[in-house]
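# Results of the structural survey
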Amino acid sequence: MAPDLPLQASTLPPAQPKYTLRGHTAQVHAVRFLRRNSRLLTGDADGWIILWNVPIKRPVAVWRAHPQTILGVGVWGKGDEKIITHGRDNKLHVWQIRQEDETSLSKILPIEETTIERRAPWLLHSLDVNALNFCTFAMCPVPSLNQSTEESILVAVPGINDGAITITSLPSQTRVASIPPIAGINTGMLMALRLHHASTSLTVLAGYESGHVALFRTPSSGQTWKPSYVAKAHAQPVLSLDLALGLRACFSSSADAIIARHTLDASTEPALLKTKHAGQQSLVVRSDERVLATAGWDGRVRVYGTRGGMTELAVLKWHKEGCYAAAFADVLDEGEQLQGDESLARQGDEAEITTTAMTVSQRREANSAKTHWLAAGSKDGKVSLWDIY
Amino acid sequence: MEDLLKAARTVDRNVSAKQNHLTAIDRTSEPLRSISKEPFDGSTTHPIPSKSALVFGRPRTAKEVLDILRAEPSPSQLIASLSALLEPASLDDVFEASCPGPLQAQIVNTLLTLIIPNCWSSSDREIKGLLRSSLSTVTAISAIVSSIQALIAQLNTKREAQDTGRCVDLISVLSEVLKPDNRVHEIYASLSSTSTAKVKLDLTWKSFANIIGSGKVLSVVAEAEDALPDTTLAKEHRWLATGSDYAAWLGRSIAYFAVTEHVSDDASTSQALSQLLARALTVGHALPFIAAFHTTLLQRLAESSHTPVTALRYTTQPLPAHSKRAFLEHTLRWLAPLISHHDTYHLAPASSSQGVSAAAYLVDELVANDQTMQHNLIPFVTDPTTSSTFPLAIRRAVFAVISRDEDDTLHTIFKDILRNFSDPLFIMHAPTIQQESMAQTLLVAAGYIHRTTPVALLTLVRSSGHMQGVSSRLDASNTRARWLGMIIGTALSGLVDKEGMKMNFGTDDMQTADAHWYLDLVKVDDDLGSRESLLKLTTQDIVARRPRPKHEKRTTTLPVIDGKPTFGPLGPPQAPVQQTEVEGAKVTEILDSSSEADDELKPYAKPDSDPEDSDEDATLVDRNKTRPPAYIRDLMTMLRDTENHGPFTLGLKHAASLTRRKIGFGKEVSDHAEELARILCSLQDPFDTDDFDELKLQALIAVVMSSPITIAPWLGRQAFVGEYSIAQRCVMLTALGLSGRELAGLQEPDGLNPVSSKPSFPSKQLPSHLHDTYTPPTRRLEAAHLSLEKSLIAPLALQAADQSTAHLNAVKVRTFSSRMATARTKRKELPNGLAKIFAQCYFTPLVRSYQKDVAAYGSGSVWVSAPFLLVTLLKTLALLLHASGPATLGLREVAEEFWQMLLALRVQALGDITVLEAVLFGFLTLLEVNTNKQQLADEFSRQLMETRDWVDMVFERTGASGLVDQDGTGEVAKVRTLAAGLLVRAGEIMEASRAAFMGGMSDF
């Protein structure tokens, strides 16, 4: 009939995964793209970390970073040389993997062999996280004034008391701040954290077991940390948070079916989207802030638009079991891409005469870097790669 | 001193003689404190061996070893001293670790009290290996066992963590020491290689055989396991406390011993070996022991050129006579299920079969050249009680062996059996199963004799004994006994008589498949198989018994909720959550649709499925929703899934209705009926499912109902085999009883709808764990039994009331008993499907299996030792008989056999009031079902009189005990009522008979 036609034209066919990476034997709890989308970092519930080469979809480094579940991973430094892992063993490790280190590391996946010891990369820092909960760390770079010194970062982890936050600076390993639990509200455990360091002030975003989301800003000297915004948007523990600075907003997801959008400026009521799909974890906003994705416990990764009414744009169904982690590849803007192309072209010129194979592999790398990947890690230990928007 | 030691180090490195020892030392970072026996060339000073030498690495005498061990040695010292112990050559003095002595005892004691508690659990593989080897001696093993025993006493009085740890350590040491199959042989070998006197050696070995073989280890470890808190003992060490596993280990060890030693043909070793074997036969788990022994022996020798004959003979020759008999019997019992998978002999062709020949091969090997064994073999075919407990296949195998003998053993046997078979007492009183087995044996024997010496058989058959036998059989009142006599007569005459002279009864019951099968038995001629066939047989068995994935204890790792491990104690497995209200802030839906939506992003279509949450409340969303099974195959998978709560419960809940739905729908149910029934029979409840027993029972009933002709007999036999618990057997019997009633059209209204049964008010129930313990699984059967009992007794009581008020007859509108009669006519008669198949499918399998079990195990049978089980069996039979009713096919035979069974239980009944009640109830049912009173009195006069006398006695006795309370409740009163009812019934029957005798003269 007539109405069907425009409807059909307005939607794309259901998305299918482009690739699946099978390497973990346990639930995948963290995924992260790095180095201009050329690498993907995944961590599982047994503490294994795999660094994948995205263009060729092969592992380049495999080691067991923690004896227990990986809670989160991060990257730091020039060329993303330092990898941060946070495990259930109450440790936060910073590893160094430069491009040249990759060759010396094991490539044997846990799915092939878990018993043999693999060489771990160089360990730069190790922090104790004195909290017994699920909350992963949050980090942000501190814009340094002079370019020559090593870039420093701030790392926020849950403190000893329920609901407290400890912020430490790396590499100095000094404590920058400790935020006490919110007075007057029983928030329960800390569940999710996000940090952002603007030129002068630090913004800390926290989600709690009670379903509260709170926003802290650096107080003027001598004052204690007080939340500038608290809202109870969820009936269940908050599972993840992400910031969209361009939109002056942040998003939170929880164990219930609600996704909330909080504005950073005014203390207005959060806007809520009832998705009717409880348990959405690992909410991430893509770097261009047009879409956000959640990993659902029903095995589906959902993509929502960030603008407008947070419309559900895509439901990515492939995993048979619940998904726990999702990550977008960075959307490299034109300049970056151009720069990349230029360097590629320059390199291409140099290597023009050598072999065509090099050119092919480089082209593949460039294509892969430009692809708008969405990676999803699931309970079944598989990681699926989708090409979305 | 330090300088000296440094010098020693440099020198020592050059000496290669002690290399292995040095590597052990060098691994540690502590200063090297080794001293070498070689002189230090090039060094200026000579170390003087002194007391301080004790702390040095390599001990030189056993005494030094002891001192080192006592002085809290470091790992390296421990390694050095233990390896010194194991290499006696390296010690200066003569020391033999494996033979008992004061020094050895001290060392073992030190190892057990100091080293094991400190080092065992934290040691690496090397130290553990050394400890294992040094503790593999008779002294050490008995010391370990007695230390565990001592610890148990301590644990029972006060449970301390330290004792628990020690106990667990000791058990794991014992387990690891004993575990390898070759350990027993190793111990013997090292013991016999020592220079001790023969007498001492024998004594030591005897004590070892006592500890290992008599089940002392088993009982001590089992007791320790009991005293220890749950789950402290690792799973791999639990075999020591599990009877069947332990017995299997023993079997393997002895077989290994036999295999390695039999080549040497050393008499004293053989003596030692059979000493152990004789002990092991008494452990009590004979079947796993024998199975493991034979299988290991066969497999170990499969490759080598030696036949198991030599090894077997080597092992069994020096056994005492009674052990030989036990060994033979257990071997035959092990072979029985291997070669006849079902007792349904109708399915097995009488022709020669591979299994029988293979079994015959093994039996032949056992008895060849062994007079005692040969003598022991004969009772297995001649003794009616023993012989009836073995399937025909085993008896055929025995005959295949005996018939190879040159002398006239076979003739003697034949005469023996014939005499027994013709004995009028045997004919009258022996259970049918014994008579049948005797007849089968007789026919097979006759066949063998006829083939070798037809004349001999002719003389035997012409003898007066046989003629007398056939004629007393033809006189017998028991139809089966009579029929068997006819069979024997026909078959033997068919062998010896000329054409035209052959005996022929020409009746219909001689033309049945059963009769042909019997007549064909004379043609049975089995040959001795080969080793290959036996090997094939045993490997088949292994494949068939491949362990099913057992339900493992739920792992103690922390549960993972939503992908993240949780802390704290284990929660209940997904207990259903009460509906909770979502609390918290009011949710305001979003609504700024005004703000610009990102139109550039074109949405993807939804995937094929994207179900919304089942519940508003996130805590109630069940993501792994399991669907009810749609096929029997699904159902079986779900029932086997003992790891997941959801599928298991759901499967169980739908099992009955699904099975019933699928009856007659293709061959789905009938194809899997037996498998499904097997799953249900052995189903355990890992999740504390509500109404588990009821659901299981309903499912089992449904399966029986799907094809009663095949499943009911199977289930009837299944209730007597295997290692089922009493509760499981009761469920099987209950399922049989209730399914039979349903077939007969007597089902309760809610029979098809198990869910509707409402639980009683909680305050009237015991706490759940006690409730399960004290509520018998036969509740439903009990209910049916009670209602039937009431319906049987009520008319009798009414009649009594009627008669006691006979003087009022004139004013009575209707007699009390006639009211009952009118009430009964109102019931609509349903077609009775049970009557047709009751005898064949329900009654015979149950009674036969019962008789067989009792004959095989005597008072050790669970059916004798657990009155509850016997009561359930009797009630099941009585209920079924009643349900089947007067129209039962072959009622006469059923009545006769049931009567015989009940009469045989008289003695046992007096010992237990529940059995008494069941027996009385059985009698009452018998009399009730046989409606033709006159015929009953004619055909069963003897049984009737016996019953009457006995019931009279019971009635008197219960009355005399004064236990009957005034209001007539309680067990005793119930028994008395039943007895009274029976007496009345019996009186009626006799009255009827007398009336018939008088002819029409007395019209009462």
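Residues numbered from 1 in each chain as written. Chains lettered and ligands numbered in written order. Predicted model: local features only at pLDDT ≥ 70, side-chain atom pairs only at ≥ 80, totals over all residues. Heavy atoms only, no water.

### Details of the overall build of chain B
Looking only at helices and strands, one finds 47 helices and two strands in chain B. The buried share among the 1004 residues of chain B stands at 48%. When the accessible area of chain B is evaluated, it comes to approximately 48,500 Å², of which 55% is carbon and sulfur surface. (Helix = DSSP H or I, 4+ residues; strand = E, 2+ residues; numbered from the N terminus. Buried < 20%, exposed > 50% of the residue type's maximum accessible area, 1.4 Å probe, protein only. Areas by Shrake-Rupley, 256 points an atom, 1.4 Å probe, with all protein chains shown as cover.)

### Side note on the overall build of chain A
When its secondary structure is counted, chain A shows three helices and 28 strands. Considering chain A as a whole, with its 389 residues, one finds that 58% of them fall into the buried category. A separation threshold of at least 6 residues defines the contact pool for chain A, and within that pool the share at least 24 residues apart is 51%. Element-wise, carbon and sulfur atoms account for 52% of the exposed surface of chain A, whose accessible area totals about 16,500 Å². (Contact = heavy atoms within 4.5 Å.)

### A look at the pattern of salt bridges
All names here are of chain B. Tallied over the full model, the rule gives 33 salt bridges over all chains. For the salt bridge of Glu-897 with Arg-848, the shortest nitrogen-to-oxygen distance reads 3.5 Å. Linking Glu-897 in helix H42 (residues 891–904) with Arg-848 in helix H39 (residues 834–857), this pair joins segments that are 49 residues apart in sequence. Shared partners join several salt bridges into a network, and the residues in it are Glu-436, Arg-480, Asp-514, Arg-848 and Glu-897. (Salt bridge = Lys/Arg side-chain N within 4 Å of Asp/Glu carboxyl O.)

### Overview of the pairing of strand E24 (residues 300–305) of chain A
Residue and element names in this part refer to chain A. The buried count for E24 comes to six of six residues, which makes it a mostly enclosed element. Burial along E24 is two-sided: the residues Arg-300, Arg-302 and Tyr-304 and Val-301, Val-303 and Gly-305 are all buried. Pairing of E24 with strand E25 (residues 312–317), which is carried by five bridges, proceeds in the antiparallel orientation. Within E25, the residue paired with Val-301 across the bridge is Leu-316. The turn linking E24 back onto E25 is made up of six residues, and Gly-308 within it adopts a positive phi angle of 65°. (Pairing = 2+ DSSP bridges.)

### Topic: the nonpolar core
All names here are of chain B. Counting residues in each nonpolar core, the largest one holds 158 residues, and the members touching the most others are Ile-148, Leu-174, Ile-212, Phe-327 and Phe-414. Taken domain by domain, this core gets at least three of its residues from each of domain 1 (51–241) and domain 2 (330–534). If sequence neighbours within four positions are ignored, Ile-148 has contacts with Cys-167, Leu-170, Ile-171, Leu-174, Val-220 and Ala-224. The next biggest cluster of nonpolar side chains, apart from the first, holds 104 residues, and it includes Met-705, Leu-738, Ala-744 and Leu-873. (Core = buried A, V, L, I, M, F, W, Y, C linked by side-chain atoms within 4.5 Å. Domains from an automatic or database assignment.)

### Here we look at the pairing of strand E14 (residues 190–197) of chain A
Residues and elements named next belong to chain A. Here E14 lies mainly inside the structure; six of its eight residues are buried. Judged from the seven bridges that link them, E14 and strand E15 (residues 202–208) form a sheet pairing that is antiparallel. Its bridge partner being in E15, His-197 is matched across the sheet by Leu-202. Hairpin connection from E14 to E15: four residues lie between these consecutive antiparallel strands.

### A word on helix H41 (residues 867–884) of chain B
Here H41 of chain B spans 25 Å end to end across 18 residues, near enough to the 26 Å set by a 1.5 Å rise per residue. Of all 18 residues that make up H41 of chain B, 15 are buried, and the element is covered over most of its length. (Expected span 1.5 Å × (residues − 1).)

### Concerning the packing of aromatic side chains
All names here are of chain B. All chains considered together, the criterion is met by 22 aromatic pairs over all chains. Aromatic pair Tyr-188 and Trp-205: ring centres 4.9 Å apart, planes at 75°, arrangement edge-to-face. On the criterion of sequence distance, the pair formed by Tyr-188 in helix H9 (residues 183–193) and Trp-205 in helix H10 (residues 198–213) is long-range, its members being 17 residues apart. The buried category is assigned to Tyr-188, whose relative accessible area is 5%. The interplanar angle of 20° and the centroid separation of 6.4 Å between the aromatic rings of Phe-399 and Tyr-448 together place this pair among those described as stacked. (Phe/Tyr/Trp six-rings, centres within 6.5 Å; stacked < 30°, edge-to-face > 60°.)

### Some points on the UniProt feature "repeat: WD" (unreviewed entry) in chain A
Under the present numbering, the feature "repeat: WD" (unreviewed entry) in UniProt falls on residues 21–62 and 374–389 of chain A. The span residues 374–389 of chain A is 0% helix and 69% strand, and its two end C-alpha atoms sit 10 Å from each other. (UniProt positions renumbered as here; feature names shortened; annotations may be inferred.)

### What about a negative patch on the surface?
Residue and element names in this part refer to chain B. A grouping of Asp-688, Asp-690, Asp-691 and Asp-693 is seen on the molecular surface, where their side chains present a negatively charged patch. Structurally, Asp-688 is set in the loop between helix H32 (668–681) and helix H33 (692–706). A relative accessible area of 65% means that Asp-688 is categorised as exposed. (Patch = residues over 30% accessible without salt bridge, like charges linked within 9 Å, V, L, I, M, F, W, Y side chains within 5 Å. Lys, Arg positive; Asp, Glu negative; His and termini not counted. Charge placed at Lys NZ, Arg CZ, Asp CG, Glu CD.)

### Details of the sheet that holds E14 of chain A
Residue and element names in this part refer to chain A. The four strands are arranged E14-E15-E16-E17 in an open sheet whose pairing can be described as antiparallel. What marks the edges here is a single partner per strand, and that holds for E14 and strand E17 (227–232). Along the sheet, successive strands turn relative to each other by an average axial angle of 15°, direction set aside. (Axes fitted to C-alpha atoms, helices over the stretch in contact; angles between N-to-C directions.)

### With respect to the environment of Thr-218 of chain A
All names here are of chain A. In this structure, Thr-218 sits in the loop between strand E16 (212–217) and E17. Apart from the residues within four sequence positions on either side, Thr-218 is in contact with Ser-201, Leu-202 and Trp-225. There is a polar contact of 2.6 Å between the side chain of Thr-218 and the backbone nitrogen of Leu-202. (Polar contact = N/O pair within 3.5 Å; in protein donor to acceptor, adjacent residues only side chain to side chain.)

### Details of unusual backbone geometry
All names here are of chain A. Residue Pro-171 is bonded to the preceding Leu-170 through a cis peptide linkage, with omega at 5°. Tracing the backbone shows Pro-171 in the loop between strand E12 (165–170) and strand E13 (174–179). Notably, Asn-37 is not glycine yet its phi reads approximately 65°, a positive angle. Note on placement: Asn-37 falls in the loop between strand E2 (28–34) and strand E3 (39–44). Relative accessible area serves as the criterion here: at 1%, Asn-37 is assigned to the buried category. Even without being a glycine, Gln-173 presents a positive backbone phi close to 60°. Classification of Gln-173 by relative accessible area gives partly exposed; the value is 38%.

### Remarks on the packing of H32 of chain B against H33 of chain B
Residues and elements named next belong to chain B. As a packed pair, H32 and H33 sit with axes 9 Å apart at the nearest point and diverge in direction by 150°. Considering the angle they form, H32 stands roughly antiparallel to H33. Read as a crossing pair, H32 and H33 show a hand that is left-handed. Each of Val-669, Ala-673, Leu-676, Ala-677, Leu-680 and Cys-681 in H32 lies in contact with H33, whose residues at this interface are Lys-696, Ala-699, Leu-700, Val-703 and Ser-706. Split into classes, the residues belonging to the contact of H32 with H33 amount to nine nonpolar, one polar and one charged. (Parallel < 35°, antiparallel > 145°, perpendicular 65-115°, else oblique. Left-handed = near helix turned anticlockwise from the far one by under 90°. Nonpolar A, V, L, I, M, F, W, Y, C, P; charged D, E, K, R; others polar.)

### Some remarks on the environment of Thr-61 of chain B
Summarising the element assignment, Thr-61 of chain B is placed in the loop between helix H2 (19–26) and helix H3 (62–70). Considered as a pair, Thr-61 of chain B and Phe-95 of chain B are 34 residues apart in the sequence and their alpha carbons are 8.2 Å apart.

### With respect to the sheet that holds E3 of chain A
Consider a sheet: its strands pair through backbone hydrogen bonds, and that pairing is either parallel or antiparallel. Residue and element names in this part refer to chain A. The strand order E2-E3-E4-E5 describes an open sheet built from four strands, whose pairing is antiparallel. With one partner strand each, in any of the chains shown, E2 and strand E5 (58–64) form the two edges of the open sheet. Along the sheet, successive strands turn relative to each other by an average axial angle of 15°, direction set aside. When E3 meets strand E4 (residues 48–53), the two strands line up antiparallel, connected through five bridges. Paired with Gly-43 across the bridge in E4 is Ile-49.

### Side note on the confidence of the model for chain B
All names here are of chain B. Per-residue pLDDT for chain B has a mean of 74; in total, 75% of the residues score no lower than 70. Contacts for the low-pLDDT stretch residues 342–347, under 50 throughout, to residues beyond four places or in other chains number 12 contacts. Segment residues 543–595 is flagged for pLDDT under 50; beyond a separation of four residues in sequence, or across chains, it makes 61 contacts in the model. Confidence estimates for the predicted assembly give a pTM of 0.52 and an ipTM of 0.76. (pLDDT = per-residue confidence, 0-100.)

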